Amino acid sequence: MESLYFLIPISMAFVALAIGLYFWAVKGGQYDDLELEGKRILFEQEAKPQAPQQPEDQA
Amino acid sequence: MTSLAAPCYHCGLPAHPEFSAPLQGALQHFCCLGCQAVAQAIMGSGLGDFYQFREQQNPKVEAQALAFSAYDNPAVQSEFVHSLSGDLHEAQLLIGGISCAACVWLIEKHLQTLPGLVSVSVNSTNHRAFVRWHSEQLPLSRIFAALGQIGFTPMPQVAASAYQFWQAQQKTALLRVGVAGISMMQAGMVAVGLYAGALQGLDAHWQNILRWITCIFALPVLFYAAVPFYVGAWRALRLRQLTMDVSVSLALLLAFAASLYATLTRTGEVYFESLSMFVFILLSGRYLEQRARFRNFQQSASLQSLLPLAVTQQLADGSESLVPLRSVEPGQRIRVMPGAIFPCDGRVLAGSSYAIEAILSGEAEPQAKQPGDRVLAGTHNGDTALLLEVEATGAATQLAAIEQLFAQAASQRPAQQALADRLAGHFVAAVLVISLATFAVWYWLEPSRALWIALSVLVVTCPCALSLATPAALVCGLGRLRQQGLLVTSPSVLETLTRVTHVVFDKTGTLTHGELRVEEVTCLRNVPRDAVLAIIAALEAASAHPIAKAFALYASDLRASNLEVVAASGVQGEVMAEHYRFGTPAFAWPASPPAYPNAGQWQLLADAQGPIAWVRLCDQLRLSALPALAQLRAQGLAVSLLSGDRAETVTNLAADLGIDDAQGAMVPAAKLAQVQSLQQQGSVVLMVGDGINDVPVLGGADVSIAMGSASALTQTRADAILLSGDLQALPKALVFAQRVTSVIRQNLWWALAYNLVALPAAVMGWIPPWLAAVGMSSSSLVVVLNSLRLNPSR
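Criteria and thresholds
- Within each chain, residue numbers correspond to sequence positions counted from 1 in written order.
- Throughout, the order in which chains and ligands are written sets their labels, letters from A for the former and numbers from 1 for the latter.
- Restriction of local features to residues with pLDDT of at least 70 applies here, the model being predicted, together with a cutoff of 80 or more for giving and counting side-chain atom pairs; totals for whole chains, interfaces and linings are based on all residues.
- Each side-chain value is derived from all of the structure's non-hydrogen atoms; neither hydrogens nor water enter the calculation.
- Every helix listed is a DSSP run of H or I at least four residues long, and every strand listed is a run of E at least two residues long, numbered separately from the N terminus.
- Residue burial is assigned from relative accessible area. The probe radius is 1.4 Å, only protein chains are included, and a residue is buried under 20% of its type maximum, exposed over 50%, and partly exposed in between.
- Using a 1.4 Å probe, the Shrake-Rupley method yields the accessible areas, and only the shown protein chains count as cover for residues.
- Strand pairing is assigned whenever DSSP detects at least two bridges linking the two strands.
- What goes into a patch is any residue over 30% in relative accessible area without a salt bridge, connected to like charges within 9 Å or, for nonpolar side chains (Val, Leu, Ile, Met, Phe, Trp, Tyr), within 5 Å.
- Whenever a carboxyl oxygen of Asp or Glu lies within 4 Å of a side-chain nitrogen of Lys or Arg, that contact is scored as a salt bridge.
- Put simply, two rings from Phe, Tyr or Trp (the six-membered ring, in Trp's case) pair if the centres are within 6.5 Å, and we call them stacked under 30 degrees between planes, edge-to-face over 60, tilted for the rest.
- Only when the NZ atom of a Lys or the CZ atom of an Arg is both within 6 Å of the ring centre and within 35 degrees of the ring normal do we say a charge sits over the ring.
- Should any heavy atoms of two residues lie within 4.5 Å, those residues are considered in contact.
- Buried area adds together the accessible area that both of two parts lose upon being put together, with accessible area traced by a 1.4 Å probe.
- In the analysis that follows, any N or O atom pair within 3.5 Å is treated as a polar contact, provided that within protein one partner can donate a hydrogen and the other can accept it, and provided that, for residues neighboring in sequence, both atoms belong to side chains.
- By the convention adopted, Pro, Cys, Tyr, Trp, Phe, Met, Ile, Leu, Val and Ala count as nonpolar, Lys, Arg, Asp and Glu as charged, and the other residues, Gly among them, as polar.
- To get an axis, fit a line to the C-alpha atoms, keeping to the stretch in contact for a helix; angles then go from 0 to 180 degrees between the N-to-C directions.
- Oblique is the label for every angle not falling under 35 degrees (roughly parallel), over 145 degrees (roughly antiparallel), or within 65 to 115 degrees (roughly perpendicular).
- Crossings are classed by handedness, with left-handed meaning an anticlockwise turn of the near helix from the far one by less than a right angle and right-handed meaning a clockwise turn.
- We call a set of buried residues a nonpolar core when its members are Ala, Val, Leu, Ile, Met, Phe, Trp, Tyr or Cys and they connect through side-chain atoms within 4.5 Å of each other.

> What should I look at first to understand the overall build of chain A in this one?
When helices and strands are counted, chain A shows two helices and zero strands. Within chain A, the proportion of its 59 residues that are buried is 19%. On chain A, roughly 4,600 Å² of surface is accessible, and the fraction owed to carbon and sulfur atoms is 64%.

Printed below as a string of structure tokens:
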């Protein structure tokens, strides 16, 4: 049982980190459009043969 | 033409036999030249996949009278364009016509082909596009034109404050849901240890530690995530009302205080994890409802969105310059080009034209404007440029007066209280009384347990399912209605929709298409119908009169020369070396004007030898108008027609449709008064309209629906928008609203039934905290599952 003295603070630190990351993601606008981003990959797949993308990432 | 036409490939409205084009190896049909041009432009740039990916038909393409070149003017750009570095610029555009993710893909792909465009990103939810470009390579007007070319209507995003407020609110709501979710999971995990300990026996030392940990995890939930409930409750209490927020806040704060007391004194029970779960479930429901509501939030479209951004001002020395509308003041002189929108109220100084005022008055017939006449902001100029003296701008215009009438009407609108909130008042009172009674009785029986049993009553009856009952059903119902073509912007109207007893329609643009079409051709000489129409089309090619639009369909290779447009009479010109006149009989054949064949809007074509043919024009009824009215009557609803058009036209149309109660020549205030008098007689009124002149009455009616072709201003003032223009969606929506309301009722009954079962058990002191948590979440789950039945396609 004594291991809880270490494990619980560690889990709390992780929770704080998760909430911090979540705030960062929401405030950065990553959740602004919940519909579109999931579908974008479907379109790109079809468009590629017509217009070859440049090697740079355009995320 | 009356036969069932194939749907337009682009917008899905009935196609017109005149418009077809081979696309992707098959002949496709269209409803108008606009849709055809857009589809061809999309295919031509290799983006034809759009038609496979899109989830909905596109809105019909409207002719764009806007001259985009004004957007290249630095003074105009200063209102919405930011200069980043060098010639790199950034702007936010509001794009009309986006209906799904495929539209976004189409816009982004199409704009990326423009040389000089650095980046474009479009948000499919709020229809805003962020564009960055090099202004030396690419004028901004090209970007606007490119959007128009593929069938979208771009607008500069000027007044963004309302939108920014809304977006900040959405973000905060999402943050609260997330914090509640993460904390709830942690608190829940630790609580499992407590529950297991309660059954198997747990060392008091460890029990105390675990309680403190759940308490710590519950803190962000109670003091960050749950804040909106406290704010809502405080507001309700100040108005001396008991709403759902009051009940929720009370349960949260009392249970938290008692759990904290239990933790400090190492007695009783703790409910930290139940509270966290409760907040998370409720916030999720609210967040989804809010998102469904604002899904097509168009910004509060202001009057400004109707008016051009720039005007041509004439200075004292006679020179002209393009200036932003905001800088124009009464007394100045401006020039308004043919086909443009008047930017302000003014008096004509020079020029002779006509104005199309249907948007303000509902009158379809153009009004002649001579020097000295008044013109109104928001109406269209006809076919000659006018020099105006500005009389009123901005809030002082007639257009703005309509907006004020709307605000007044909306404030007088009968109050609608949601069923759940009405119930909540009684519910909160009942629960408080029962909790106090339970405490009193147990205090007398067994004082040490009294507080904890009274508290468990409060927690068990926590109105979780009750407050989820409405949002869950609304979210599912709104999604389904959207698929059927009705976009509901304020969900509370679904309940009102089921009580509607009287449907009031506007005429022009609502029951009819709002544009003239050729209805009948009577040839007086041996000239084929097609030849007559081709000649007229050539004559009308240069005119911007609404009559001319009716002939655009019939344009051929014929070209006319020496064209002259005679105000309020007609057009004349030469086609194939022959002189023709087309217009009123007195104009076309002044020698001996023939009598009109019968009532109706007849125009005469004549050449040097005499009259050739009569053509009757008519603003055609929507195909769906008759069946829709029949279905509404079958549902037992009364139907009325209120129009700003001439009384005679209105009566004729009403007779065709079998509407007994029809009134014409109504100004906006009269329409509103008529609807208010219906409401005083006990009717619940649904108003369907499209013009700016309908805006006040849309505000005053119990429920209002704007047509999809209405201006943005009208649309944002209505509770719902009929996207497809198919009036038959109305009776369907009324039936569906009944279903949504009945699911809401089922949900409420279930929530009450659950409480009725759980309450006695809690009063008797039989419910430990873990059972309270299980009961609360399972009753909420039932409500959500029941609501999902409304949207079986998901």
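> How should I be thinking about the sheet that holds strand β9 (residues 320-324) of chain B in this particular structure?
Strand-to-strand pairing in sheets goes through backbone hydrogen bonds, with the strands running parallel or antiparallel. Reading across from one edge, β9-β8-β10-β16-β11-β14 (chain B) is the order of the six strands in this open sheet, with antiparallel pairing throughout. Looking at the sheet topology across the chains shown, the edges are occupied by β9 and β14 (374-375) of chain B.

> Looking at this structure, I do not really get a nonpolar patch on the surface. What am I missing?
Residues Tyr5(A), Phe6(A), Leu7(A), Ile10(A), Phe14(A), Leu17(A), Leu21(A) and Trp24(A) make up a contiguous nonpolar surface patch of about 960 Å² in total accessible area. The residue Trp24(A) is located in helix α1 (residues 4-27) in this model.

> Can you help me understand the packing of aromatic side chains in this one?
Centre-to-centre distance and the angle between the planes together describe a pair of aromatic rings. All names here are of chain B. For the coordinates displayed, the defined rule picks out ten aromatic pairs over all chains. Ring centres of Tyr 596 and Trp 614 lie 5.8 Å apart, and the angle between their planes is 40°; this geometry places the pair in the tilted category. Of the two residues, Tyr 596 sits in the loop between α20 (585-588) and β23 (601-607) while Trp 614 sits in strand β24 (residues 610-621), which places them 18 residues apart along the sequence. Overall, the relative accessible area of 45% leaves Tyr 596 in the partly exposed class. By the ring-pair criterion, three or more aromatic residues cluster together here, those being Phe 223, Phe 256 and Phe 272. The cationic tip of Arg 176 hangs over the ring face of Tyr 224; the distance from NZ or CZ to the ring centre is 5.0 Å.

> Sorry if this is basic, but what is going on with the interface of chain B and chain A here?
Much of the literature gives interface size as the accessible area that the parts lose upon coming together. Facing 35 residues of chain B, the contacting portion of chain A comprises 29 residues. When residues of chain B are sorted by the area they lose upon contact with chain A, Lys171(B), Leu175(B) and Trp206(B) head the list and together hold 21% of the total. At the junction of chain B with chain A, the criterion picks out zero salt bridges. There are two residue pairs in polar contact (both at pLDDT 80 or more) connecting chain B and chain A. For the side of chain B that touches chain A, the secondary-structure elements that each account for two or more residues are α4 (101-112), β5 (117-123), α6 (161-200), α7 (204-225) and α10 (272-293) of chain B. Ranked by residues supplied to the side of chain B that touches chain A, first place goes to α6(B) with nine residues. Looking at the side of chain B that touches chain A residue by residue, the classes come out as 19 nonpolar, nine polar and seven charged.

> What is the right way to look at the pairing of strand β1 (residues 20-23) of chain B in this model?
The side chains of a regular strand alternate, first on one face of the sheet and then on the other. Residue and element names in this part refer to chain B. Judged by which residues are buried, β1 turns out to be one-sided: Ala 21 and Leu 23 face inward and are buried, whereas Ser 20 and Pro 22, on the alternate face, are not. Looking at chain direction, β1 and strand β2 (residues 26-29) are connected through four bridges and run antiparallel. If you follow Ser 20 over to β2, its bridge partner there is His 29.

> Mind showing me how you'd approach the pattern of salt bridges here?
Charged atoms that come close allow side chains of opposite charge to pair. Residues and elements named next belong to chain B. Tallied over the entire structure, the rule returns twelve salt bridges over all chains. The salt bridge partner of Glu 391 is Arg 347, with a shortest N-O separation of 2.9 Å. One end of the pair, Glu 391, is in strand β16 (residues 386-392); the other, Arg 347, is in strand β11 (residues 345-350), and 44 residues separate them in sequence. One salt bridge connects Asp 506 with Lys 671, and the closest N-O pair in it is separated by 3.1 Å. Of this pair, Asp 506 sits in the loop between β18 (502-505) and α17 (507-511) while Lys 671 is found in helix α23 (residues 668-680), placing the two residues 165 residues apart along the sequence. Each member of the pair Asp 506 and Lys 671 is classed as buried. One salt-bridge network, in which partners are shared between bridges, spans Asp 345, Arg 347, Arg 374 and Glu 391.

> What's the story with the environment of Thr649(B) in this structure? I'm lost.
Along the chain, the position of Thr649(B) falls in helix α22 (residues 647-657). Judged by relative accessible area, which is 28%, Thr649(B) ranks as partly exposed.

> Can you help me understand the packing of helix α13 (residues 419-445) of chain B against helix α14 (residues 447-460) of chain B in this one?
Residues and elements named next belong to chain B. Closest axis-to-axis distance for the α13/α14 pair is 7 Å, and the angle between their directions is 160°. As summarised for this structure, α13 and α14 are arranged roughly antiparallel, according to the angle between their axes. Note that α13 runs across α14; the crossing there is right-handed. When α13 is examined against α14, the residues Val 431, Ile 434, Ser 435, Thr 438, Phe 439, Trp 442, Tyr 443 and Leu 445 are found in contact with a partner set consisting of Pro 447, Arg 449, Ala 450, Leu 451, Ile 453, Ala 454, Val 457 and Leu 458. Looking at the contact of α13 with α14 residue by residue, the class counts come to 13 nonpolar, two polar and one charged.

> Help me understand the nonpolar core, please; the structure alone is not making it clear to me.
All names here are of chain B. Among the nonpolar cores identified, the biggest contains 119 residues, and Leu 252, Val 279, Phe 505, Leu 511 and Leu 727 are the most heavily contacted of them. Top element by residues in this core is helix α26 (residues 729-763). It accounts for 16 residues. What Val 279 contacts, discounting residues up to four positions off in sequence, is Ala 180, Val 221, Ala 225, Ala 226, Phe 229 and Leu 252. Within the second largest apolar cluster, 54 residues are counted, among which are Tyr 9, Cys 11, Val 122 and Leu 147.

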